[in-house]
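In case you want the letters, here they are:
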Amino acid sequence: MKQTIKYLILALLIPAAYCFTACDTDIEPIDQQIIKPDQQDPAQYAAYLAALKAYKASEHYVVYASLANAPAVPGSEKAFLRSLPDSLDIVALENAGNLTEYDIEDIPQAQAKGTKILYTVDYNTLAESTDAVALGTYLDKVIEDVNRYKFDGVTVRYGGAMDAAATQAAATIVSKLSSLTGKILMAEGNPLFIAKESHDAITYFVLTTTDAVNTFNIRSQLAYATDYAGIALEKIIITAEPGGKLTDENLVQQPAIAEAAKSVITMGPLAGLGIYNIGDDYYDAYINYKQTKHAIGLLNPANPK
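Just so you know, these numbers come straight off a predicted model, no measurement behind them.

(A) Region of interest: the sheet that holds strand β10 (residues 272-275). Spatially, β1-β2-β3-β4-β5-β6-β7-β10 is the arrangement adopted by the eight strands of the closed barrel, whose pairing is parallel. Pairs of neighbouring strands in the sheet enclose a mean axial angle of 25°, with direction left out of account.

(B) Up close: the packing of aromatic side chains. Enumeration according to the criterion identifies nine aromatic pairs in this entry. For the ring pair Tyr119 and Phe151, a centre distance of 5.5 Å and an interplane angle of 70° mean the geometry is edge-to-face. Highlighted residues: Tyr119 in strand β3 (residues 116-122) and Phe151 in the loop between α5 (132-148) and β4 (153-158), separated in sequence by 32 residues. Like Phe151, Tyr119 is buried. Ring centres of Tyr123 and Tyr158 lie 5.2 Å apart, and the angle between their planes is 70°; this geometry places the pair in the edge-to-face category. Of this pair, Tyr123 sits in the loop between β3 and α5 while Tyr158 sits in strand β4, placing them 35 residues apart in sequence. Under the relative-accessibility criterion, Tyr158 is labelled buried at 11%. An aromatic cluster of three or more residues is present, and its members are Tyr123, Tyr158 and Phe193. Note that Arg82 overlies the ring of Phe80, its terminal NZ or CZ placed 4.3 Å from the centroid.

(C) Quick look at the nonpolar core. Ranked by internal contacts, the top residues of the largest apolar core, which has 69 residues, are Leu93, Tyr119, Phe151, Val154, Leu177, Phe193 and Leu273. Counting residues in hydrophobic clusters, the runner-up holds twelve residues, among them Val62, Ile184, Val206 and Tyr276.

(D) Seen up close, helix α7 (residues 215-228). In this model, α7 (14 residues) spans 19 Å end to end at C-alpha, consistent with the 20 Å of a helix rising 1.5 Å per residue. Along α7, the residues classified as buried are Thr215, Ile218, Leu222 and Ala225. Projected down its long axis, α7 shows its buried positions confined to an angular sector of 85°, all on one face. Along α7, exposed side chains directed more than 90 degrees from the buried face belong to Phe216, Asp227 and Tyr228. Summarising the contacts, the buried residues of α7 are in contact with β6 (204-207), β7 (236-240), β8 (245-247) and α8 (256-266). Capping the start of α7 is the job of one residue whose side-chain oxygen sits 3.1 Å from the backbone nitrogen of Phe216: Asn214. Looking one or two residues past α7, Gly230 carries a phi angle of roughly 75°, positive in sign.

The rules behind each value
Residues numbered from 1 in each chain as written. Predicted model: local features only at pLDDT ≥ 70, side-chain atom pairs only at ≥ 80, totals over all residues. Heavy atoms only, no water. Pairing = 2+ DSSP bridges. Helix = DSSP H or I, 4+ residues; strand = E, 2+ residues; numbered from the N terminus. Axes fitted to C-alpha atoms, helices over the stretch in contact; angles between N-to-C directions. Phe/Tyr/Trp six-rings, centres within 6.5 Å; stacked < 30°, edge-to-face > 60°. Buried < 20%, exposed > 50% of the residue type's maximum accessible area, 1.4 Å probe, protein only. Lys NZ or Arg CZ within 6 Å of the ring centre and 35° of its normal. Core = buried A, V, L, I, M, F, W, Y, C linked by side-chain atoms within 4.5 Å. Expected span 1.5 Å × (residues − 1). Arc of directions from axis to C-beta. Contact = heavy atoms within 4.5 Å. Polar contact = N/O pair within 3.5 Å; in protein donor to acceptor, adjacent residues only side chain to side chain.

In structure tokens:
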């Protein structure tokens with residue numbers, strides 16, 4: 001009887017020992033190699049880039065995005081140029097004066113796709129805004145950075161009221177940044193910030209229509225910009241942001257980005273559409289930047305996105 005029990009215990013212990021051996025939970029390194037699109041099929045990727053750049057060089061509605069790059073603590077790909085849709089025409093880096101090593105690496109890769117990368121000068125929050133000498137010094141540093149990192153231009157933001165200081169600052173900004181020959185220069189916010197005699201120096205004027213409740217509000221802002229500020233309609237970009245809502249002319253509330261894209265066509269022709277806070281459009285269960293890509297398709301149905 002004892003012999004039988006001994007064999008029975010042995011029979012139970014052997015499978016148990018095998019299970020413990022099989023359930024090894026030690027982490028083992030796996031040799032992974034990331035193969036980028038240009039490495040998978042270089043010829044096909046080169047043809048894609050050629051088609052993409054040809055599209056951006058053709059006559060079409062411009063799609064501009066503002067990217068909050070270089071966050072203090074990167075949480076996802078939404079803060080990086082490399083993850084943006086290829087079909088974007090222009091991207092402004094909000095923290096252009098504080099580039100990370102990833103930004104520096106991503107800028108030429110985005111430019112290889114025909115995307116223009118801009119340096120953002122936010123006069124709304126600029127500490128040097130009240131000191132003419134300090135402003136000039138700051139702009140010299142901007143010009144230095146634009147040349148050093150090969151930015152395609154500069155966008156200047158100001159949404160405040162016009163007074164003597166703002167008028168003088170605008171003149172200084174245009175005078176200084178116009179020395180960047182062959183570069184894009186955009187003005188965002190208050191349509192009166194740039195004097196009429198300097199309009200020729202501005203590539204695009206960006207209206208901050210993200211606070212518009214309905215399409216009538218956008219029409220009103222366009223009328224003010226063209227009739228009062230004297231801005232050419234074909235130079236104007238209107239803006240929207242992910243999650244926003246816009247009531248259309250049938251009094252139906254629509255996603256703001258898509259409805260603003262339609263307004264670019266029906267109220268213009270305007271230069272195009274701007275998307276603020278584009279990183280908020282990164283997440284979707286099916287496709288990244290779903291709202292942005294849909295807007296690009298509405299504006300330019302034949303683009304190779």
